[in-house]
Each structure stands twice: as C-alpha cells, then as structure tokens.
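Letter by letter, the chains look like this.
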Amino acid sequence: MPLSDLKAMVETCMERSRFTHVRDRAILLCLLDTGCRASEFIALDVSDVNLSSGAVIVRQGKGRKWRTVFLGAKSRRELSRYLRRREREGPLWLTDEGTRLKYSGLRQIVRRRAVKAGVSVPSLHSFRRAFALTCLRGGMDVYSLQKLMGHSDLSVLRRYLQQTEADLKAAHEKAGPVDNLL
C-alpha cells in the first residue's frame, strides 16, 4: 500500500465534529504506526495504551504471546482526540453504538475510506506490510523490527521485506564501499 494512498484515506476524515471521522483517522494512523495484526488491533483496550510514552501492550498476540509496540507523537495526538469523545475505559476501538469494533467493522472502515479517497482498497494486512517496509527503509534494524512485529524468527519477517530495486539502489548509495570510502 503506497503511503500516498493512506494519506488520501486519512484526508477523508477531516470533519472533527463527527465521531466516525475522529475515530477512523485515529484507526488508520494507529494501525500503520503499531504494525499490529488486525486481530491484535481490535483486541486492544484503553488500559493497554500509555499516551505519555506511546507504549501499547499487545496482550493477544499470535501464539498468545504479548509484546509492546509504540505510537509516535502524531498517532498519539489523534488517539487522544478520539478518546476525549468517549469513555476512557473498556475496548479501545468502538463502533458507533459503543460496542467493541470487530474485524469486519475494521475492514468496512478501511474500505469506506479508500473508496471515498478514490484509491485501491488495501487489505488490513497491507498496513502491517507497510509498517515493516517503512521501518526498514527508515533505517530500523531487522532485530528490532522482528520484536515489534512479534515474529519469533527472522525467516517470517523476510516475507514482509520484499525490497524493490529502488530500495536496493538506495541501500547501495548509502553504504556502497567505493563511493563512501574514496
């Protein structure tokens, strides 16, 4: 999923007076920023999030393993806006009716925002893949990325890191021995 598509989707959530706009904006940013699996994401409770540090405890990870992921300043700001509009306990992500958001509801939000933005509808898993690639391109080491994504083994992470020729060219320009030594 190109980040430009995500940006277009986020821009469809600009009406701050509507609960769904504030919630959907927070969902899109936090889904990308945490790298969580969709099932982990919808299982989060308000008590799992520390807005000061950005730490988010994923208690229901794959294989019943828990881990800590993080939210950056922009995602925390949008999450705070969302939390001000609702009770500050219970499930983190709520439907319009105040019940825990389900997988199908999360999928519907992503689909609705993509259609409204005029971009291809991404899979929920594409947010996780975009997280992995963006982190790698930003210089994160693979061991930290492995821990953040909750993978027990680097071979699983390899599937997410389908580098393009442009990625490889940029890596060579950054670290190629001849151009950087002479």
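The text that follows walks through the structure, step by step, so that each part is easy to find.

Conventions we followed
Residues numbered from 1 in each chain as written. Predicted model: local features only at pLDDT ≥ 70, side-chain atom pairs only at ≥ 80, totals over all residues. Heavy atoms only, no water. Helix = DSSP H or I, 4+ residues; strand = E, 2+ residues; numbered from the N terminus. Rg over C-alpha atoms; globule rule 2.2 N^0.38 Å. Buried < 20%, exposed > 50% of the residue type's maximum accessible area, 1.4 Å probe, protein only. Contact = heavy atoms within 4.5 Å. Core = buried A, V, L, I, M, F, W, Y, C linked by side-chain atoms within 4.5 Å. Arc of directions from axis to C-beta. Salt bridge = Lys/Arg side-chain N within 4 Å of Asp/Glu carboxyl O. Expected span 1.5 Å × (residues − 1). Pairing = 2+ DSSP bridges. Phe/Tyr/Trp six-rings, centres within 6.5 Å; stacked < 30°, edge-to-face > 60°.

### Concerning the overall build of the protein chain
Scanning the protein chain from terminus to terminus reveals 10 helices and 2 strands. Along the protein chain, helices (α) and strands (β) appear in the sequence α-α-α-β-β-α-α-α-α-α-α-α when read from the amino end. Compactness check: the protein chain gives a C-alpha radius of gyration of 17 Å against a globular reference of 16 Å for 182 residues, within 12% of the reference. Viewed in the frame of its principal axes, the protein chain has a C-alpha envelope of about 60 × 35 × 30 Å. With 182 residues in all, the protein chain has 43% of them scored as buried.

### Observations regarding the side chain of D24
Following the sequence through the fold, D24 ends up in helix α2 (residues 19-34). A residue is classified by how much of its surface remains accessible, and D24, at 0% relative accessible area, is buried. Apart from the residues lying within four places of it in its own chain, the contact partners of D24 are C13, I109, R112 and R113.

### Observations concerning the nonpolar core
F41, L79 and W93 are the most contacted members of the largest nonpolar core, which totals 44 residues. The set of elements that each furnish at least two residues to this core consists of α1 (3-10), α2, α3 (38-42), β1 (55-58), α4 (73-83), α5 (103-117), α6 (125-137) and α7 (142-149). Among the elements that line this core, the one with the most residues is α2, at 7 residues. Residue contacts for F41: discarding those within four places in its chain leaves I27, C30, L31, T34, C36, W93 and L106.

### Remarks on α1
Those residues of α1 that fall on the buried side of the exposure criterion are D5, L6, M9 and V10. Down the axis of α1, the buried set is contained in an arc of 140 degrees. They therefore lie on one face. Of the exposed residues in α1, those oriented more than 90 degrees away from the buried face are S4 and K7. Of the surrounding secondary structure, the elements contacted by the buried residues of α1 are α2, α5 and α6.

### Describing the pattern of salt bridges
Inspection of the entire model under this criterion finds 12 salt bridges. Where E40 meets R37, a salt bridge forms, and the shortest distance between an N and an O atom there is 2.5 Å. Looking at E40, the relative accessible area reads 2%, which means it is buried. Since its relative accessible area comes to 14%, R37 is described here as buried. Where E40 meets R67, a salt bridge forms, and the shortest distance between an N and an O atom there is 2.8 Å. Within this pair, whereas E40 is found in helix α3, its partner R67 is found in strand β2 (residues 67-70), the two being separated by 27 residues in sequence. For the pair E40 and R67, a shared accessibility class is recorded, and that class is buried. If you follow the salt bridges from partner to partner, you end up with R23, D24, D96, R112 and R113 in one network.

### A word on α2
The end-to-end C-alpha distance of α2 is 22 Å, a good match for the 22 Å that 16 residues give at a rise of 1.5 Å each. Among the 16 residues in α2, 13 count as buried, and that is most of the element. Positioned one or two residues after α2, G35 has a phi angle of 70 degrees, which is positive.

### Some remarks on the pairing of β2
Regular strands place side chains that alternate from one sheet face to the opposite one. Burial along β2 is one-sided: R67 and V69 are buried, and none of T68 and F70, which face the opposite way, are. As paired strands, β1 and β2 are joined by 4 bridges and run antiparallel to one another. Looking across to β2, one finds that V58 is bridged to R67.

### What to know about the packing of aromatic side chains
This model, assessed by the stated rule, comprises 3 aromatic pairs. Between the aromatic rings of F19 and Y82, the centroid separation amounts to 5.8 Å while the plane-to-plane angle is 40 degrees, which identifies the pairing as tilted. Of this pair, F19 sits in helix α2 while Y82 sits in helix α4; the two residues are 63 residues apart in sequence, bridging distant segments of the chain. Take Y82: its relative accessible area is 1%, and that puts it in the buried class. Pairwise contacts between aromatic rings join F19, F41, Y82 and W93 into one cluster.

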